[in-house]
Amino acid sequence: MTQQPADDAIATLLKEERRFEPPVSFAEQAHVSLREEYDKLYRESLDAPEAFWKREAQELVFRKPWRTTLAWQPPHAQWFVGAELNVTESCLDRHLRGPRKNKAALVWESEPGETRTWTYAQLHRETVRLTRALAKLGVQKGDRVAIYMGMVPEAVVAMLATARLGAVHTVVFGGFAPDALRDRIHDCQAKVLITQDGAYRRGTVVPLKDMVDRALAQHEARSVENVVVFRRIGPDGCRIAMQPGRDHEWDALMSEADRLPGGGAVAVDAEHPLFILYTSGSTGRPKGVLHTSAGYLVGVHVTSKYVFDLRDEDVYWCTADIGWVTGHSYIVYGPLSNGATCLLYEGAPNFPDWGRFWRVVEKHGVTILYTAPTAIRAFMRQGSDWPQKSDLSSLRLLGTVGEPINPEAWVWYHHFVGGDRCPIVDTWWQTETGSIMLTTLPGAAFAKPGATGLPFFGVEVAVVDDQGADVAPGSGGKLVVRRPWPAMLRTVWGDDARYREQYWSTIPGAYFTGDGARRDADGYHWVVGRIDDVLNVAGHRLGTAEIESALVSHPAVAEAAAVGRADELKGQALVVFVTIKGNHHPSAELAETLAQHVGEQLGKFARPDQIRFAEALPKTRSGKIMRRLLKDVAAGRETSGDLSTLEDFGVIASLRADE
Ligand code: PRX
């Protein structure tokens, strides 16, 4: 019943006002305060990119300037050709020369509640120490370093130290299972792995080092020569086995590093790889999305500055995990290159209760909060009492990312978290795009709940039909990008054919995002979600093929098909249809075993929400599973369309009977 006033307020707001203008007080001091100013800069970014990027990148540190802004040989782009740099000099060293030296770079709130603050000088010092330690372990420019950690400042140090050597990091989200870690290590042939004993999650300890041991025991992961272990928990809470010769204590390496020379930043070419981040695609094998140095840095720097309107006095909190692209771009590289103070929170949003986020905002005086619609919906479901218990008046800007936000959740966020005074930036982008592509600049344009807004500088998007022609305003189509942008992925690691095929072959001459969208008469983009074989469950990207191959690796499963179903809380829920082998029988226990199996193969976050057994899966004559039909069944809708190509008409009936 406590929900009632909140529901009424939201209903009124939704009815009254669907456009939210930036408050005058916000716009007055924003980096971009007028729509005309945004329009002018946007035009310049497309018409005179050389001048635009030169000016916008001038704060960043380059050892050697670039000769050419863009060399474009479709589908391969090179940005800032001829430049040399090390991204960590922009994120750390440059701040040591001025008043930011002793400013907080990272403010860490642990799940149990301790706080640690790292100034730019301290973050630099720790990074230099680890750089030396990694060099001692033989890491060299171009080598791959895997990072499998929780949300601790040392994870940021691990990324920065790797980059400082010109080595390439691949951060694997701590929620991934050992087999998923093994596959990623194998694909990029990582030489060193940096991890921690365990990580706190909702009051329990996730045994990361144990999982590493399980991954490394498999011969596919034999490229790893050295493992660095940070003791987050300590032997009382987390017992681990250290393998002599392979495993090294973080603290011991760091102390030793104090006596070593080096630690300077290695200058690399603009297009030198910075990181590989694996993401789900339409096959069972995750793609290693490759980002390089200068373009990525410029992209995340400029978007952080304008979209989050960053200024020195802000306390900025992005709640994403460092293992996803949002953590890379908007916890580490973007904010640090702007000299921002970033809050890093270790634990779960609802630990020990649903008031934790809001107490963190109050305790640290957070001014900018960037989170996911799934989290907002979960908070909304718990009622508005929770945010109201804390003083949220420090907040001045809110953001969302990762999935479409429903207008109700948007308005709730605006009202109960933002106190009706904070603009909301709904930012659309992807692991592949590296930086934010669509949003409203918070001081320059009104927001519409549910719409991501306008293209960022340098971004030319279109909504098109299958032939690549623009559809009329208001009509749905495929979302594409028509020209290269600085932070775009360069290729799929070790598989350029897949890069071409996946992104550049669906629509002639354009990058296909995999998303469906429409553009309204105001030029605002409404992204409806994936139209390929990728699901977005609670903001986590899952490939249907990955789920299916995890399922068929279980001895009871003959065939599997994974589809999404609309879900009020998670955006999409994961429903799988399985046919089982003759000697097994459908049962609730088997469903649970299979769900657990997927969790063990991929990670708990990929566990199906529902498992349904079928006699056979509906297929076309050429043997393709009819997913559209299964989606309908999963959604409880009537099947639609032409079924004449069905191999087995009885299948539909048996799926129905199963309901
Ligand atoms: O479908 C879009 C959705 O998330 C996909 C990208 O997922 P990932 O690479 O994991 O990166 C997530 C964080 C950048 C997109 O193809 N998506 C992301 N942001 C939005 C969104 N859908 C709607 N609105 C958004 N703001």
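Being a predicted model, the structure only gives us computed values, none of them experimental.

Student: Quick one: what's the story with the sheet that holds strand β24 (residues 476-481), residue by residue and with numbers?
Tutor: Pairing is antiparallel in the open sheet, where four strands are placed in the order β23-β24-β26-β27. Edge positions in the sheet fall to β23 (461-464) and β27 (525-530), since each has one partner strand and no second. Strand-to-strand twist in this sheet, taken as the mean axis angle between neighbours without regard to direction, amounts to 45 degrees. Across five bridges, the pairing between β24 and strand β26 (residues 511-519) is antiparallel. Residue pairing for β26: Lys478 is matched across the bridge by Gly516.

Student: Summarise the site of the ligand; cite the residues concerned and give the values.
Tutor: The environment of the ligand is made up of 18 residues, and the closest members are Asp426, Thr427, Thr431, Asp515 and Arg541. Interatomic distance of 2.7 Å between a side-chain N/O atom of Arg541 and an oxygen atom of the ligand. Elements with a minimum of two residues in the shell around the ligand: α12 (325-337), β20 (424-427) and β27. Here the residues of the shell around the ligand sort into six nonpolar, seven polar and five charged.

Student: Please set out the packing of helix α8 (residues 178-188) against helix α9 (residues 208-216) residue by residue, giving values where relevant.
Tutor: Contact pair α8 / α9: the axes reach a minimum separation of 8 Å and the direction vectors enclose 55 degrees. The orientation of α8 relative to α9 falls into the category oblique. Handedness of the α8/α9 crossing: right-handed. Residues Pro178, Leu181, Arg182 and Ile185 of α8 lie in contact with α9, whose contacting residues are Met211, Val212, Arg214, Ala215 and Leu216. Residues that form the contact of α8 with α9 fall into these classes: seven nonpolar, no polar and two charged.

Student: Mind laying out the domain arrangement of the chain, listing which residues take part and the relevant values?
Tutor: Domain annotation of the chain identifies domain 1 (113-266) and domain 2 (535-657). For domain 1 versus domain 2, the distance between C-alpha centres works out to 37 Å. Contact with domain 1, which involves seven residues of that partner, is made by eight residues of domain 2. Interface area, domain 1 with domain 2, both sides summed: about 480 Å², of which 54% is carbon and sulfur. Taken together, the links from domain 1 to domain 2 amount to zero salt bridges. Taken together, domain 1 and domain 2 are joined by one residue pair in polar contact (both at pLDDT 80 or more). Residue classes in the side of domain 1 that touches domain 2 are distributed as four nonpolar, one polar and two charged.

Student: Mind laying out the pattern of salt bridges, listing which residues take part and the relevant values?
Tutor: A side chain of one charge can pair with a side chain of the opposite charge if their charged atoms are brought near each other. This structure, assessed with the given rule, holds 51 salt bridges. Between Arg396 and Asp309 there is a salt bridge, with its nearest N and O atoms 3.3 Å apart. With Arg396 in the loop between α15 (385-388) and β19 (397-401) and Asp309 in the loop between α11 (294-307) and β16 (315-318), this pair connects stretches of sequence that are 87 residues apart. The pair formed by Arg396 and Asp309 is uniform in burial state, with each residue classed as buried. The network of salt bridges with common partners includes Arg19, Lys448, Asp520 and Asp522.

Student: Give a description of the environment of Ile276 that names residues and reports values.
Tutor: As for its position among the elements, Ile276 is in strand β14 (residues 273-279). For the pair formed by Ile276 and Pro23, sequence separation is 253 residues and the distance between their alpha carbons is 39 Å. For Ile276, the residues in contact, after removing those within four places along its chain, are Arg144, Val168, His169, Thr170, Val171, Cys188, Gly288, Val289, Leu290 and Trp493.

Student: With reference to specific residues and values, describe the packing of aromatic side chains.
Tutor: Tallied over the entire structure, the rule returns 40 aromatic pairs. Ring geometry for Phe52 versus Phe457: centroids 5.5 Å apart, planes at 65 degrees, classification edge-to-face. Of this pair, Phe52 sits in helix α4 (residues 49-56) while Phe457 is found in the loop between β22 (454-455) and β23, placing the two residues 405 residues apart along the sequence. There is no split in this pair, since Phe52 and Phe457 are both buried. Ring centres 5.1 Å apart and planes at 45 degrees place the aromatic pair Phe357 and Phe379 in the tilted group. Of this pair, Phe357 sits in helix α13 (residues 356-364) while Phe379 sits in helix α14 (residues 373-382), and the two are 22 residues apart along the sequence. Exposure class is identical for Phe357 and Phe379. Each is buried. These aromatic residues form a ring-pair network of at least three members: Tyr38, Tyr42, Phe52, Trp53, Phe62, Trp66, Trp79, Phe80, Tyr306, Phe456 and Phe457. In this arrangement the basic side chain of Lys448 is found over the ring face of Tyr524, its NZ or CZ atom lying 5.1 Å from the centre. A cation over an aromatic ring shows up here: Lys478 above the ring of Phe512, its NZ or CZ 6.0 Å from the ring centre.

Here is what the cut-offs are and how they apply
Residues numbered from 1 in each chain as written. Predicted model: local features only at pLDDT ≥ 70, side-chain atom pairs only at ≥ 80, totals over all residues. Heavy atoms only, no water. Pairing = 2+ DSSP bridges. Helix = DSSP H or I, 4+ residues; strand = E, 2+ residues; numbered from the N terminus. Axes fitted to C-alpha atoms, helices over the stretch in contact; angles between N-to-C directions. Near = heavy atom within 4 Å. Polar contact = N/O pair within 3.5 Å; in protein donor to acceptor, adjacent residues only side chain to side chain. Nonpolar A, V, L, I, M, F, W, Y, C, P; charged D, E, K, R; others polar. Parallel < 35°, antiparallel > 145°, perpendicular 65-115°, else oblique. Left-handed = near helix turned anticlockwise from the far one by under 90°. Contact = heavy atoms within 4.5 Å. Domains from an automatic or database assignment. Buried area = accessible area lost by both parts, 1.4 Å probe. Salt bridge = Lys/Arg side-chain N within 4 Å of Asp/Glu carboxyl O. Buried < 20%, exposed > 50% of the residue type's maximum accessible area, 1.4 Å probe, protein only. Phe/Tyr/Trp six-rings, centres within 6.5 Å; stacked < 30°, edge-to-face > 60°. Lys NZ or Arg CZ within 6 Å of the ring centre and 35° of its normal.

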